[in-house]
Amino acid sequence: DNLLAMTLWSWSRLHDLPLAGVVIPSAVPAMDALAAICLESPVDILPRRSLGEQLEKGFLADPDFIDREPWRRLLAANTIGGLPPSLPVFLAQGTDDDTVRPAVTAGFARRLCAAGSRVVLLPLPGVGHGLAAHDAAPALAEWLAGRFAGRPAPDECSALPPL
């Protein structure tokens, strides 16, 4: 809910779009407070968590807002597309991530593979969003070292691991 709230908050300001009809008016103060918190250290997660809990109770006035313009267009414009097939890709995904769902990452990996990219997908069993980068760092460093050494990028597209 935090990411959706922050996305709507920032798009509304960037594109001068009213949140009326999309967000319940009583949720706007929590969204404003969330936007004012910089995420610079793990300590900053605590106030975000409590605001997120307020938003989890429900903050959308229209859950289907994404089917309407201009929101549909903004979502499409901010959705990652394909990458050049010559660009190798390393993905890591915590299986307990509730911010970026494993199915989303698996779908992205399959789309990259279908477009001809060489993809490595590292599942991180039992890892949530907050520790995925930390836990994937050794494998990523090894993968990057291989690219700098001129070795061909590994490719798991024929057998992507389950998430």
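Basis of the calculations
Residues numbered from 1 in each chain as written. Predicted model: local features only at pLDDT ≥ 70, side-chain atom pairs only at ≥ 80, totals over all residues. Heavy atoms only, no water. Helix = DSSP H or I, 4+ residues; strand = E, 2+ residues; numbered from the N terminus. Buried < 20%, exposed > 50% of the residue type's maximum accessible area, 1.4 Å probe, protein only. Areas by Shrake-Rupley, 256 points an atom, 1.4 Å probe, with all protein chains shown as cover. Phe/Tyr/Trp six-rings, centres within 6.5 Å; stacked < 30°, edge-to-face > 60°. Lys NZ or Arg CZ within 6 Å of the ring centre and 35° of its normal. Expected span 1.5 Å × (residues − 1). Bend = angle between axes of the 7 residues up to and from the residue. Contact = heavy atoms within 4.5 Å. Disulfide = S-S within 2.5 Å. Pairing = 2+ DSSP bridges. Right-handed = clockwise from strand over helix to strand, strands pointing away.

**Q** What should I look at first to understand the overall build of the protein chain in this one?
**A** Along the protein chain, the regular secondary structure elements total six helices and two strands. When the helices and strands of the protein chain are placed in sequence order, the string is α-α-α-α-β-α-β-α. For the protein chain, the proportion of its 163 residues judged to be buried stands at 31%. Carbon together with sulfur atoms contributes 61% to the accessible area of the protein chain, which is approximately 10,000 Å² in total.

**Q** I tried to follow the environment of Thr7 on my own but got confused; where do I start?
**A** Residue position: Thr7 is located in helix α1 (residues 2–14). Since its relative accessible area comes to 28%, Thr7 is described here as partly exposed. In the structure, Thr7 is positioned 68 residues away from Leu75 in sequence and 9.6 Å away in space, judged by C-alpha atoms.

**Q** So what exactly am I meant to see when it comes to the packing of aromatic side chains here?
**A** Within a pair of aromatic rings, the relevant descriptors are the distance that separates the centres and the angle that separates the planes. Scanning the entire structure with this criterion turns up two aromatic pairs. With a centroid separation of 6.0 Å and 85 degrees between ring planes, the pair formed by Phe65 and Trp71 is classed as edge-to-face. Pair check on accessibility: Phe65 and Trp71 agree, each one buried. Taking the ring centre of Trp143 as reference, the NZ or CZ of Arg147 above it sits at 5.0 Å.

**Q** Would you take a moment to explain helix α6 (residues 129–148) for this structure?
**A** In an α-helix, one turn spans 3.6 residues, which is why side chains three or four residues apart end up on the same side. Along its 20 residues, α6 runs 28 Å from first to last C-alpha, staying within 8% of the 28 Å computed at 1.5 Å per residue. Residue Ala137 marks the point of greatest curvature in α6, where the axis turns by about 50 degrees; the proline Pro138 follows within four residues. Those residues of α6 that fall on the buried side of the exposure criterion are Ala132, Ala136, Trp143 and Gly146. Check the buried side of α6 and you find it contacts β1 (89–94) and β2 (119–124). Of the residues trailing α6, Gly150 is marked for its positive phi of about 85 degrees.

**Q** What is the right way to read the state of the cysteines from this model?
**A** Every disulfide links exactly two cysteines, by a covalent bond between their sulfur atoms. Applying the stated criterion across every chain, the model contains one disulfide. Note that Cys113 is cross-linked by a disulfide to Cys157, the S-S spacing being 2.0 Å. Here the S-S torsion is close to -80 degrees, and the disulfide linking Cys113 with Cys157 is therefore left-handed. Within this pair, whereas Cys113 is found in helix α5 (residues 102–114), its partner Cys157 is found in the segment after α6, the two being separated by 44 residues in sequence. According to the relative accessible area criterion, Cys113 is buried, its value standing at 16%.

**Q** Teacher, can you tell me more about the pairing of β1 here?
**A** On a regular strand, each side chain points to the face opposite its neighbour's, so the side chains alternate between the two faces of the sheet. Judged by how many residues are buried, β1 sits mostly within the fold: five of six residues are covered. Relative to β2, β1 runs parallel, the two being bridged by six bridges. Within β2, the residue paired with Val89 across the bridge is Val119. Each parallel crossover has a hand, and for β1 linked through α5 to β2 it is right-handed.

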